[in-house]
Amino acid sequence: MLRGRSLSVTSLSGLPMWDVQELPIEDLLLFEVAWEVTNKVGGIYTVIQTKAKTTADEWGENYCLIGPYFEHNMKTQVEECEPPNQAIKKAMDAMNLHGCQVHFGRWLIEGSPYVVLFDIGYSSWNLDRWKGDLWEACHIGIPYHDREASDMLIFGSLTAWFLKEVTDHVDGKHVIVQFHEWQAGTGLILSRARRLPIATIFTTHATLLGRYLCAANADFYNHLDKFDIDKEAGERQIYHRYCMERASVHCAHVFTTVSEITAIEAEHMLKRKPDVVTPNGLNIKKFSAVHEFQNLHALYKSRIQDFVRGHFYGHLDFDLEKTLFLFIAGRYEFSNKGADIFLEALSRLNFLLRVHKSDVTVVVFFIMPAKTNNFNVETLKGQAVRKQLWDTANSVKEKFGKKLYDALLRGEIPDLNKILDRDDVTIMKRAIFSTQRQSLPPVTTHNMIDDSTDPILSTIRRIGLFNSRTDRVKVILHPEFLSSTSPLLPMDYEEFVRGCHLGVFPSYYEPWGYTPAECTVMGIPSVTTNLSGFGCFMQEHVTDPAAYGIYIVDRRFCSPDESCNQLTQFLYGFCKQSRRQRIIQRNRTERLSDLLDWKYLGRYYMHARHLTLSRAFPDKFHAESSPSLATQGFKFPRPSSVPPSPTSSQHSSPHNSDVEDEDERYDEEEEAERDRMNIKSPFFLGQVPYEKKKQHGEHKN
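All values reported here derive from a predicted model rather than from experimental measurement. (Residues numbered from 1 in each chain as written. Predicted model: local features only at pLDDT ≥ 70, side-chain atom pairs only at ≥ 80, totals over all residues. Heavy atoms only, no water.)

If you tally the helices and strands in the protein, you get 23 helices and 19 strands. Split into buried and exposed, the 701 residues of the protein put 58% on the buried side. For the protein, the proportion of contacts with a sequence separation of at least 24, taken over those separated by at least 6, is 76%. Here the protein displays about 29,400 Å² of accessible surface, and carbon together with sulfur accounts for 51% of that area. (Helix = DSSP H or I, 4+ residues; strand = E, 2+ residues; numbered from the N terminus. Buried < 20%, exposed > 50% of the residue type's maximum accessible area, 1.4 Å probe, protein only. Contact = heavy atoms within 4.5 Å. Areas by Shrake-Rupley, 256 points an atom, 1.4 Å probe, with all protein chains shown as cover.)

Another aspect to go through is the environment of Gln438. With respect to the element layout, Gln438 can be found in the loop between α14 (422-434) and β14 (446-448). Classification of Gln438 by relative accessible area gives exposed; the value is 81%. Sequence-wise, Gln438 and His315 are 123 residues apart; in three dimensions their C-alpha atoms are separated by 9.9 Å.

It is worth spelling out the sheet that holds strand β18 (residues 550-553) at this point. In spatial order, the strands read β15-β12-β11-β16-β17-β18; together these six strands make up an open sheet with parallel pairing. Whereas interior strands pair on both sides, the edge strands pair on one side only; in this sheet they are β15 (473-478) and β18. Strand-to-strand twist of the sheet, defined as the mean angle between neighbouring strand axes without regard to direction, takes the value 25°. Pairing of strand β11 (residues 323-329) with strand β16 (residues 502-504) involves two bridges; the strand directions are parallel. Counted as the bridge partner of Leu326 is Leu502 from β16. The strands that helix α12 (residues 339-355) touches are β11, β12 (361-367), β15 and β16; relative to β12, the one it contacts most, it runs at about 170°. (Pairing = 2+ DSSP bridges. Axes fitted to C-alpha atoms, helices over the stretch in contact; angles between N-to-C directions.)

Where a protein is soluble and globular, its nonpolar side chains tend to be buried together. Phe31, Val116, Phe118, Leu158, Phe162, Phe220 and Met269 are the most contacted members of the largest nonpolar core, which has 75 residues in total. Discounting chain neighbours no more than four positions away, the residues touching Phe31 are Cys64, Ile66, Ile88, Phe162, Leu163, Val166, Val175, Ile176, Val177 and Gln178. Residues Val362, Val364, Met522 and Cys575 belong to the second largest nonpolar core, which totals 68 residues. (Core = buried A, V, L, I, M, F, W, Y, C linked by side-chain atoms within 4.5 Å.)

Further remarks concern unusual backbone geometry. One non-glycine residue, Asp171, lies in positive phi territory at about 55°. Positive phi is not limited to glycine here, since Lys271 has a value of about 65°. Structurally, Lys271 is set in the loop between α10 (260-269) and β10 (276-277). Taking relative accessible area as the criterion, Lys271 reaches 42% and is therefore assigned partly exposed.

Let's shift gears to the packing of helix α3 (residues 86-97) against helix α5 (residues 147-167). Close contact between α3 and α5 brings their axes to 8 Å; oriented N to C, the two are set at 125°. Judged by the angle between their axes, α3 and α5 are oblique. Crossing handedness for the pair α3 and α5: right-handed. Where α3 approaches α5, its residues Ala87, Ile88, Ala91, Met92, Ala94 and Met95 are matched on the opposing element by Leu158, Trp161, Phe162, Glu165 and Val166. Split into classes, the residues belonging to the contact of α3 with α5 amount to ten nonpolar, no polar and one charged. (Parallel < 35°, antiparallel > 145°, perpendicular 65-115°, else oblique. Left-handed = near helix turned anticlockwise from the far one by under 90°. Nonpolar A, V, L, I, M, F, W, Y, C, P; charged D, E, K, R; others polar.)

In low-pLDDT segments, the atomic positions of the prediction should not be examined closely. Per-residue confidence for the protein gives a mean pLDDT of 86, with 86% of residues at or over 70. Counting contacts from residues 624-633, a segment whose pLDDT is below 50, to residues more than four positions away or on other chains yields 37 contacts. Here residues 645-664 is modelled with pLDDT under 50, and outside its nearest four sequence neighbours on either side it reaches 36 contacts, counting other chains as well. (pLDDT = per-residue confidence, 0-100.)

This brings us to the sheet that holds strand β4 (residues 78-80). Within the open sheet, the nine strands sit side by side as β4-β5-β6-β3-β2-β7-β8-β9-β10. Their pairing is mixed. Both edges of this open sheet fall to β4 and β10, since each of them pairs with a single strand only. Direction of pairing for strand β2 (residues 28-33) relative to strand β7 (residues 174-180): parallel, over a ladder of six bridges. Bridge assignment links Phe31 to a residue of β7, and that residue is Val177. Most of the contacts of helix α21 (residues 598-616) go to strand β8 (residues 198-204), to which it runs at about 135°, and overall it touches β2, β7, β8, β9 (254-257) and β10.

One pass over the structure, following the stated rule, counts 31 salt bridges. Here Glu32 makes a salt bridge to Lys51, at a shortest N to O gap of 2.4 Å. In this pair, Glu32 sits in strand β2 while Lys51 sits in helix α1 (residues 43-59), placing the two residues 19 residues apart along the sequence. Judged by its relative accessible area of 1%, Glu32 falls in the buried class. Here Glu235 makes a salt bridge to Lys231, at a shortest N to O gap of 2.9 Å. Taken together, the positions of Glu235 and Lys231, both in helix α8 (residues 229-235) and four residues apart, correspond to about one turn of that helix. Note on Lys231: relative accessible area 44%, which makes it partly exposed. One salt-bridge network, held together by shared partners, links Glu344, Arg348, Arg462 and Asp561. (Salt bridge = Lys/Arg side-chain N within 4 Å of Asp/Glu carboxyl O.)

In an α-helix, one full turn covers 3.6 residues, which means residues spaced three or four apart are oriented alike. The first and last C-alpha atoms of helix α6 (residues 181-193) sit 18 Å apart over 13 residues, in line with the 18 Å expected at 1.5 Å per residue. Of all 13 residues that make up α6, eleven are buried, and the element is covered over most of its length. Turning to α6, its buried residues are Glu181, Trp182, Gln183, Ala184, Gly185, Thr186, Gly187, Leu188, Ile189, Leu190 and Ser191. A positive backbone phi angle near 55° is found at Arg195, which sits one or two residues after α6. (Expected span 1.5 Å × (residues − 1).)

This paragraph deals with the packing of aromatic side chains. In total, this model carries 25 aromatic pairs according to the counting rule given. On the basis of an interplanar angle of 85° and a centroid distance of 6.0 Å, the ring pair of Phe220 and Tyr509 is categorised as edge-to-face. On the criterion of sequence distance, the pair formed by Phe220 in the loop between α7 (208-215) and α8 and Tyr509 in the loop between β16 and α17 (514-521) is long-range, its members being 289 residues apart. With relative accessibility at 0%, the residue Phe220 sits in the buried group. Taken together, a centroid distance of 5.7 Å and an interplanar angle of 85° make the contact between Phe312 and Phe318 edge-to-face. Each member of the pair, Phe312 together with Phe318, is buried. Members of the aromatic cluster, each reached through a chain of ring pairs, are Phe307, Phe325, Phe327, Phe365, Tyr493, Phe496 and Phe505. Looking at Lys51, its charged tip hangs above the ring of Tyr605, at a distance of 4.6 Å from the centre. The ring of Tyr313 is capped by Arg437, whose NZ or CZ atom sits 4.0 Å from the centre of that ring. (Phe/Tyr/Trp six-rings, centres within 6.5 Å; stacked < 30°, edge-to-face > 60°. Lys NZ or Arg CZ within 6 Å of the ring centre and 35° of its normal.)

Okay, structure coming up:
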């Protein structure tokens with residue numbers, strides 16, 4: 001908590017960025033409004049949850065989240081208590097007195113922030129009146145059949161009512177309110193229409209229409225400035241939602257978004273340039289032992305190997321110690337998440353590995369939930385066979401060990417031809433026969449309901465990756481989120497990621513991209529694209545991302561075939577790395593986690609809050625424009641030692657012939673210290689750099 005600290009802001013270099021009156025933080029109240037507060041329904045939940053600790057530590061009791069009330073979430077995630085702030089307490093009492101149900105408590109996550117939760121259903125009797133209020137405020141009508149939009153209107157109306165009551169009792173405090181996404185935007189629109197004395201920020205994590213257009217396989221980035229926005233929204237029957245989102249953007253004092261690629265999208269879709277880009281972060285927990293994450297990788301890799309032994313029983317003619325585990329995970333959006341280009345690249349990788357007679361095998365997991373009716377019987381049988389073989393081996397081992405022990409006690413060297421009797425040999429032969437199978441290992445772990453039309457399975461049939469013995473690339477579709485209670489693969493998602501070698505996320509539409517970010521903080525290399533917020537962020541902050549295990553596929557300015565070839569080369573180069581090169585690369589990847597820590601990225605949010613104060617209360621706060629959002633001088637250099645990189649033009653490509661030379665040049669402690677110093681380099685925060693001409697892309701991927 002920053003008690004007694006001034007709100008004057010300086011850059012990390014010590015240069016003043018703001019001409020702000022001395023004002024202690026106790027004279028401010030900060031609210032964040034989101035439908036995802038205590039309500040896990042999307043990626044914004046991760047943003048709010050992980051950022052809460054940093055913000056709560058900074059603002060203390062003057063920080064509060066606002067969200068919807070759901071009884072099951074309240075019972076399991078929130079500890080009810082009395083509001084310590086009198087303005088919040090009086091606002092809740094006033095609303096409860098007039099027929100609302102407002103709950104208050106601590107959200108049981110890191111930081112334990114305070115939350116105000118509104119019971120939407122309890123106040124639904126006001127819906128018609130509040131529809132009229134919205135129409136009078138901005139002439140946006142909500143169709144009676146759109147239940148979700150109606151719920152958002154109730155939520156927004158309760159938020160505006162609450163903020164009105166708070167501002168009536170704040171006793172001179174200034175109120176800052178940040179609204180996330182169109183679901184919370186109605187509260188912003190109504191608050192501004194009623195001229196409440198608050199400073200407002202609106203954050204879009206992805207534009208509403210952008211998601212719809214990309215899902216429809218529109219040539220999105222090549223036609224950003226050519227879409228008839230009103231027509232496109234109307235055809236998809238979301239025009240009223242689009243109007244709510246656009247009105248929220250234009251009503252806010254400050255408009256922010258999560259990445260530069262989304263900032264360009266928002267400028268065209270919502271007709272306003274974002275004032276600040278606020279990248280998403282994570283809470284980074286460092287292990288006390290420097291290489292603990294490497295130990296965890298080895299531990300969880302062995303558990304994945306156990307699953308693979310069962311899944312490929314009867315066809316386990318490849319060396320698991322020379323097998324790489326790759327994965328893609330997320331919502332089942334076949335094109336948006338890049339599953340289409342990934343499968344095509346896997347087909348080409350399989351060809352390259354076979355032609356070059358590589359002894360490396362690649363097992364690829366698709367963790368994407370789809371409609372299923374049960375586990376695949378053949379998959380369950382595989383795990384049962386593996387466990388039975390393990391039990392058989394253990395029983396024979398115990399008998400063998402006892403006979404060996406007795407012989408040694410007698411001072412004899414046992415005859416190995418006699419130490420196993422005929423029954424033992426029979427048991428082992430039966431175990432070997434039980435591993436025989438006539439069919440190929442299944443490509444999916446579950447029975448798919450729409451097997452014939454499923455995009456992933458249809459593509460697998462087209463490219464012929466059926467897990468045959470000659471294939472060096474094996475594919476496993478796991479159409480269900482991972483769980484430690486699963487009878488097939490009993491691992492949580494974090495454990496699974498730590499056990500894999502590479503995460504592949506060649507997304508076409510990804511406003512930020514938490515999956516590669518999570519890989520990075522766990523020390524697992526990943527593939528992303530320059531159409532994802534994460535990929536753009538890494539390109540901006542790291543001189544040679546591939547050297548740090550961040551492979552960025554160009555899907556913005558290349559044709560689909562060129563992008564696929566680039567991805568194939570990344571994967572093939574990764575397969576050619578030695579084990580030591582992969583260890584070095586994981587060390588470098590893990591060091592990038594500092595870039596994604598909210599302790600650093602929270603500064604962007606602080607900048608947005610000061611900017612909105614200067615615009616909402618210009619007589620009391622004055623802000624000087626910063627030259628650029630870009631973190632000038634804040635860039636990881638290319639490591640001085642030769643990095644494991646799949647780029648064929650670099651002599652650092654992972655050929656086995658120069659492994660020894662690389663070992664001699666690599667000094668991990670020196671590199672780590674240099675990286676730690678680079679994270680402290682001065683940088684400036686400011687507005688989005690729109691000086692340079694933007695290009696939308698030349699090809700549809």
